[in-house]
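Observations on chain architecture
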Amino acid sequence: MSAAAVTIAALGKTYPNGTRALDAVSLTLAPGEIVAVVGGSGCGKSTLLRVLAGLDRASDGRVSVGGTPVEGPHPAVGIVFQEPRLLPWLNVADNVGFGLVTLPPAERRARVAETLSRVGLVGYGRRWPRELSGGQAQRVAIARALVTRPSVLLLDEPFSALDAFTRADLQDHLLDLWAESRPTLLLVTHDIEEALVLADRVVVLKPRPGRIAALHDVAVPRPRDRVSPEFEVEKRALLATLGRSLARTPGEEAFPAAAI
Amino acid sequence: MTTLDHPDETGLAGAASRDAGARGLPGWLSGVGVGLVLPVALAAGWELAVASGLAGGRLMPPPSRIFATLVDLSGSGELARHITATVWRVLVGFAIGVVAGTAAGALAGYSAIVRRLVDPTLQGLRAIPSIAWVPLFILWLGIFEESKIALIAVGVFFPVYLGVMAAIASVDRKIVEVGRVFRLSGPALVRRILLPAILPSYVVALRSGLGLGWMFVVAAEFMGASEGLGYLLVDGQQLGKPDQIVAAILVFAVLGKLTDALLAAATAPFLRWQDTVETAR
Ligand SMILES: Nc1ncnc2c1ncn2[C@@H]1O[C@H](COP(=O)(O)OP(=O)(O)OP(=O)(O)O)[C@@H](O)[C@H]1O
Ligand SMILES: [Mg+2]
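An account of the accompanying structure is given in this report. Everything quoted here is computed from the prediction, not taken from an experiment.

**Concerning the interface of chain B and chain A**
Opposite the 28 residues of chain B that make contact, chain A presents 27 residues. For the pair chain B and chain A, the two sides together bury roughly 2600 Å², of which 62% comes from carbon and sulfur. Of all residues in chain B, the largest losses of buried area upon contact with chain A belong to Phe182, Arg192 and Trp273 of chain B, amounting jointly to 26% of the total for that side. At the surface where chain B touches chain A, the tally comes to three salt bridges. For Arg85 of chain A, the salt bridge goes to Glu177 of chain B, with nearest N and O atoms at 2.8 Å. Seen at the junction of chain B and chain A, the total is seven residue pairs in polar contact (both at pLDDT 80 or more).

Set out below in structure tokens:
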């Protein structure tokens, strides 16, 4: 296997107000690997993605993408935020094509149309963002990140605002897309099942300061069946890992049961 | 009204329906018609009262006499001359005020240092009732056009400055981050994110600036003008011609409404995307 797609080495992040959001986080992602990050609220998951996306600077340690240290937003790194963050003054097609302005218009249109069909939104190109449902808007946001064909895609709870059906649907969409060009995916989620459906590895974070509590390899072969016995077994194993790594830390908030 | 679920039917979802404002009213009263009922009734009542001798109508002339005055004034070409003078002053003052207000507001909104340096002074100046500038402007700029236009520009400047500054300072950081993720350069960030984001508040600021421009042109023309609608007002007062005063007031109302509608119509195509009560109709 070639060089690591993403290297996080002893990463620490202290916000200006003194909050230690991350402490000594080290993690390496192989090219094409899918890694899920789980952990309670406020344990630094979004911070981790923001540092990787070049939106925030690391306080200690270093992060690199494809061997180059991250100093700012990187063309090969895409991010899907927790909210769609569509630009309300652009229609769906222009939102998706936002990062493609350097392409000739015809090619841009073709890429946008192709990506919109990937996320199941054929014919929605001329709608305004305000005319979309929450799930449609989130799919547009995913399309906007995918259309530039990033080699690393960061997803911050991309499906958390959606109902179970749409969520399962979009998870399958994401896996289809991944199967095509095999980008490296780092996905934050609150949903154990989502982590198990999508990820090769699950990183469990714990808070104050945010650090890695456990790493869990997902052994279920792809394609994964959410109701198969192996899946159930794996789910119990991951829950056991979560219990071991989080329940025993006194004074700290356990992994919220609601998320499991 | 109804959001169609066919993705191809774009543009329909936001289309305003024509009968929205007139639910439950007969067709001929719909839209603008409703708003006309009260003024027309009042005018007709007054006309009748004066015609039947119930009221004198010397201090408040009946509509027919005001209309005759308007016809008179426009027939002699005088009305056009006064309107041109006034509109010209408003436009020039508005343009100067908008350019200055936009530049100052953009700088103050963009840079915290500039804001801390300049804003307290400007807020202090804003507290001065603008008419108080009149004597000073006359001393500095003379009695002719310059002082009038300066006064109008001052009136337009403040709402535009405040609107632009507040709009820039309140642009959503999350939206700006989208621009950063796509590695937009400074100018591209301004053009593709900041400008469209502030446009709705900018239009509001321009419209209130224009409104103040119309207010201030009256004050400006009170300070010794030989033409303009404000001059018609002063002239009507000095010569005891209330019909001329009311006629000038009516022209002011029409022009103010008209220029505001023009400004709104000119900017509307850029604001179709807005998610507001208005566009949801
Ligand atoms: N801009 C900021 N300034 C100061 N502190 C911050 C800032 N952003 C986040 N924090 C703090 O850093 C910690 C980690 O925040 P982060 O947003 O990374 O959490 P998270 O794991 O994504 O939580 P959630 O699951 O609720 O989204 C929290 O304690 C939070 O209060
Ligand atoms: Mg978060």
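On we go from here.
**Description of the packing of helix α3 (residues 78–110) of chain B against helix α4 (residues 112–126) of chain B**
Residue and element names in this part refer to chain B. α4 packs onto α3 with a crossing angle of 120° between their chain directions and a minimal axis gap of 5 Å. Considered as vectors, α3 and α4 are oriented oblique to each other. Packed against α3, whose contacting residues are Leu107, Ala108, Gly109 and Tyr110, the element α4 presents Ala112, Val114 and Arg115 at the interface. Along the lines of polarity and charge, the residues of the contact of α3 with α4 split into five nonpolar, one polar and one charged.

**Thoughts on the pairing of strand β10 (residues 211–217) of chain A**
Residue and element names in this part refer to chain A. The pairing of strand β9 (residues 201–206) with β10 spans six bridges and is classified as antiparallel. Bridge assignment links Val204 to a residue of β10, and that residue is Ala214. Counting the residues between successive antiparallel strands, the hairpin from β9 to β10 contains four residues, one of them, Arg208, with a positive phi of roughly 45°.

**Topic: the side chain of Ser147 of chain B**
All names here are of chain B. Residue position: Ser147 is located in helix α6 (residues 145–169). There is a polar contact of 2.7 Å between the side chain of Ser147 and the backbone oxygen of Gly142. Within the structure, Ser147 has its side chain in polar contact with the backbone oxygen of Phe144 (distance 3.1 Å). Excluding its chain neighbours within four sequence positions, the residues that come into contact with Ser147 are Phe137, Ile138, Leu141, Gly142 and Met223.

The rules we used
- Residues numbered from 1 in each chain as written.
- Chains lettered and ligands numbered in written order.
- Predicted model: local features only at pLDDT ≥ 70, side-chain atom pairs only at ≥ 80, totals over all residues.
- Heavy atoms only, no water.
- Contact = heavy atoms within 4.5 Å.
- Buried area = accessible area lost by both parts, 1.4 Å probe.
- Salt bridge = Lys/Arg side-chain N within 4 Å of Asp/Glu carboxyl O.
- Polar contact = N/O pair within 3.5 Å; in protein donor to acceptor, adjacent residues only side chain to side chain.
- Axes fitted to C-alpha atoms, helices over the stretch in contact; angles between N-to-C directions.
- Helix = DSSP H or I, 4+ residues; strand = E, 2+ residues; numbered from the N terminus.
- Parallel < 35°, antiparallel > 145°, perpendicular 65-115°, else oblique.
- Nonpolar A, V, L, I, M, F, W, Y, C, P; charged D, E, K, R; others polar.
- Pairing = 2+ DSSP bridges.

Honestly, it's all geometry; don't read function into it.
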